[in-house]
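Given next are the chains, with one letter for each unit.
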Amino acid sequence: MPKASKKQQRKAEDFKKVKLKVGKKKAPPSNATDTSFTSKSIVLAEQSITVDKSSELTNSRNLTLKDLLSQLRHYSTPIRKDAVAGLADLLARYPEIIRAELGPIIEGSVRLIVDNDPAVRRALLKLYSSLLPELPSRDLAPFVPLIVIFACSAMTHILDDIRADAVRFLDLLSEIAPRSVSQFASKILPNFYSLLETNTPSSDGSRASINSRTTLLTLGNRLSIMRSCYNYLSVYTSPLMQTSDPLWFMASPSSALIASSTAAHIDSNSSMSHLYFHPNDPAPFAVLNLFGETVGAHSGFGKDSTGEDGQSQNDTASGTVDAHAEIRAQCKEALTRLFPFLQATWVESATVFSQSQLSSDQSLKLCAFVMQILQTLWRTAYTGSIPLSETNLVGFLRRCMAYFPFGSDSTGDSEAEEALLSLNIRVSELVAMVHLGAAQSGSADSSTMADISKWSKRAVRFAQVAMGVRPKRQSVGSGSTQRVEQVAVGASLSHESFADLLLVVWQLMHGLGQRDAEQLLVAVMHYAGSCQLASPSKALCVRFLSKIIELQWSRSPTGGALDLAKLQLSDMVTGWALGLPKLMWQLRDRNLAASTAAAEALRLIGQRTRLLDAAASDTLQASLVTLFCVSVPGKGTVFGPFRQYPSYLQRTVLEAVSYCPRRSEKLSLAIRACLPEIASATSIGSLVEEILA
């Protein structure tokens, strides 16, 4: 039992009396209530809901531009997203404020390119896609550097989704402001390298080896980045890629290309000079110094012609050459830096060609972009031919030939078929350029030359089949002698694909033997007759063949011209030329581009070539009569399409007639009956009088 003393101690604790001390306050009881309190005030200068904004421009949520720009910097993601949407709403309501407030709008919103939330970035991209294309280029140009800075910052961001969205903003700039954005290649291209490659230290730590990032990127991100890279490279190389004329590779080079000072930017291994059509430019002989002019001067007889701004044309040409040389150097570096990634992507995706049923899936699109990027780089870095020292491209071509021609044993939808055709054309172009480089070097080993020769034969066969001519071998007698017959089949090519194919044909005709050149030329003439009358490819065929005729049968010798006369193609080409008046009758005024090309071809044949003899010239004049008018029994006089032609085309036709060596009486009567109303004072009238004199 507990002791009594302990019980008494516990009892005393419950009823313990607190002793008061002098100077000490009495402690409050344990059940006392604390009545102390503190207060704070909220100061509102004004509430936005009560502000009168009737005199200001507001969006549907009664927010002004100042309110929206301040919300773009808000810490809350939904508010930033709503601010971008509200800004789009405001600009749609009042488009007149765009140009007046463009600076604050761009400067306030551009930082959202690196926003952490994908919804905000997508909203900004949608806003820029609707806003920036509507602006004049002179208004947008001052803000392009700012957008490029933030886009480059986003391309090097630590988050993958921000890097993937950054290239979409760059795509937009490349589309709407190509000239402005191309000036920042030294900043943008290294960012593409960082996206598509990674530097891994070597084992000894002395240097870094470059490995492609194919394993670190999803297929979707890889496709997006490659598309953006191709778009930017196309914009950057546009000064060197002559795309305005589909037959740019046959056009006459500028006088600057002939002068030695300008030709310095061409690669030392280049052979493009003999692939060009002979020059018609003013003073192409300046380099010969026949009249005392300095090399590179094309006017003023030895004096530098100066423009209104005081800058000489030689200085301008020198600046252009320097810019072109820089572009070529950048493209060679890009080819070296991007090739490991592109080759790894090709190897990974090329298995799609082994399938029997093809569709336009991501693998096929990746292969297409690999080839497009490489084509842009090799066209810019190497002019005319690719040297065998470029082992990357030669090795890549060897990989491609394992499947070439792509899709020959497969079927697919129309989109896949078009993609396969483009791939085959680009590989054929690479074959032709490598063949030219090997032929120039002369130092290639026999096995390499044998492989390149086989590849070239396969490229020729593909070009023939693409244009509707299928070679067929047949045995002759009981011996082993064989002959090749060409079977015409149907072919349908888009205008862009046919233009690219003609470049391949042109290169192969110069790099291969005369027999292959003959087969390719026959295929082009077959396609010229089989393509539809309204097709733009009709004019392209006529122009291509007329250039070939001028090169081959010109009255004056031209450097690098083909020697096709040995192959007895004169009769076939003459037959094609004599059929041009019939083609013009069929076209009438439904395809003026083709009609103009045919008339110019007739004028060229009569003026510059010796293709037609006297009998062929008489046959041509008999066909030309139908263009003016003919007498049909029972119907009287039937006028041809000449009256429906515009004046420039009428003059071209009359000039073609004027170059006929001896004009027949029937043709003169047809011209006189067709043009009774033309006054002699007009240019056409004076030409008619000269013809009929």
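Residues numbered from 1 in each chain as written. Predicted model: local features only at pLDDT ≥ 70, side-chain atom pairs only at ≥ 80, totals over all residues. Heavy atoms only, no water.

A. Structural detail: the overall build of the protein. Each helix and strand counted, the protein has 28 helices and eight strands in total. Counting all 693 residues of the protein, 45% fall into the buried class. In the protein, of all internal contacts separated by at least 6 residues, the share reaching a separation of at least 24 is 70%. (Helix = DSSP H or I, 4+ residues; strand = E, 2+ residues; numbered from the N terminus. Buried < 20%, exposed > 50% of the residue type's maximum accessible area, 1.4 Å probe, protein only. Contact = heavy atoms within 4.5 Å.)

B. Seen up close, the pairing of strand 8 (residues 636-639). Across four bridges, strand 7 (residues 629-632) lies against strand 8 in antiparallel orientation. Each residue of the ladder has a partner; that of Val630, found in strand 8, is Val638. The hairpin turn running from strand 7 into strand 8, its antiparallel successor, is three residues long, and Gly634 in that turn takes a positive phi close to 85 degrees. (Pairing = 2+ DSSP bridges.)

C. Examining the packing of helix 9 (residues 160-176) against helix 11 (residues 185-196) more closely. Contact pair helix 9 / helix 11: the axes reach a minimum separation of 12 Å and the direction vectors enclose 150 degrees. Regarding helix 9 and helix 11, the two cross each other, and that crossing is left-handed. Listed contacts from helix 11 to Arg163, Val167 and Leu170 of helix 9 are Ile188, Phe192 and Leu195. Considered class by class, the residues forming the contact of helix 9 with helix 11 number five nonpolar, no polar and one charged. (Axes fitted to C-alpha atoms, helices over the stretch in contact; angles between N-to-C directions. Left-handed = near helix turned anticlockwise from the far one by under 90°. Nonpolar A, V, L, I, M, F, W, Y, C, P; charged D, E, K, R; others polar.)

D. A look at the environment of Val504. As for its position among the elements, Val504 is in helix 19 (residues 495-511). Looking at Val504, the relative accessible area reads 0%, which means it is buried. Spatially, the C-alpha atom of Val504 lies 9.5 Å from that of Val427, the residues being 77 residues apart in sequence. In this structure, Val504 is in contact with Ile425, Ser428 and Glu429, ignoring residues within four places of it in sequence.

E. Region of the structure containing helix 16 (residues 391-400). Every buried residue belonging to helix 16 is among Leu393, Val394, Phe396, Leu397 and Cys400, and all of these are buried. Seen end-on, helix 16 carries its buried residues on one side only, within an arc spanning 160 degrees. (Arc of directions from axis to C-beta.)

Interpretation in functional terms is not warranted from these geometric data alone.
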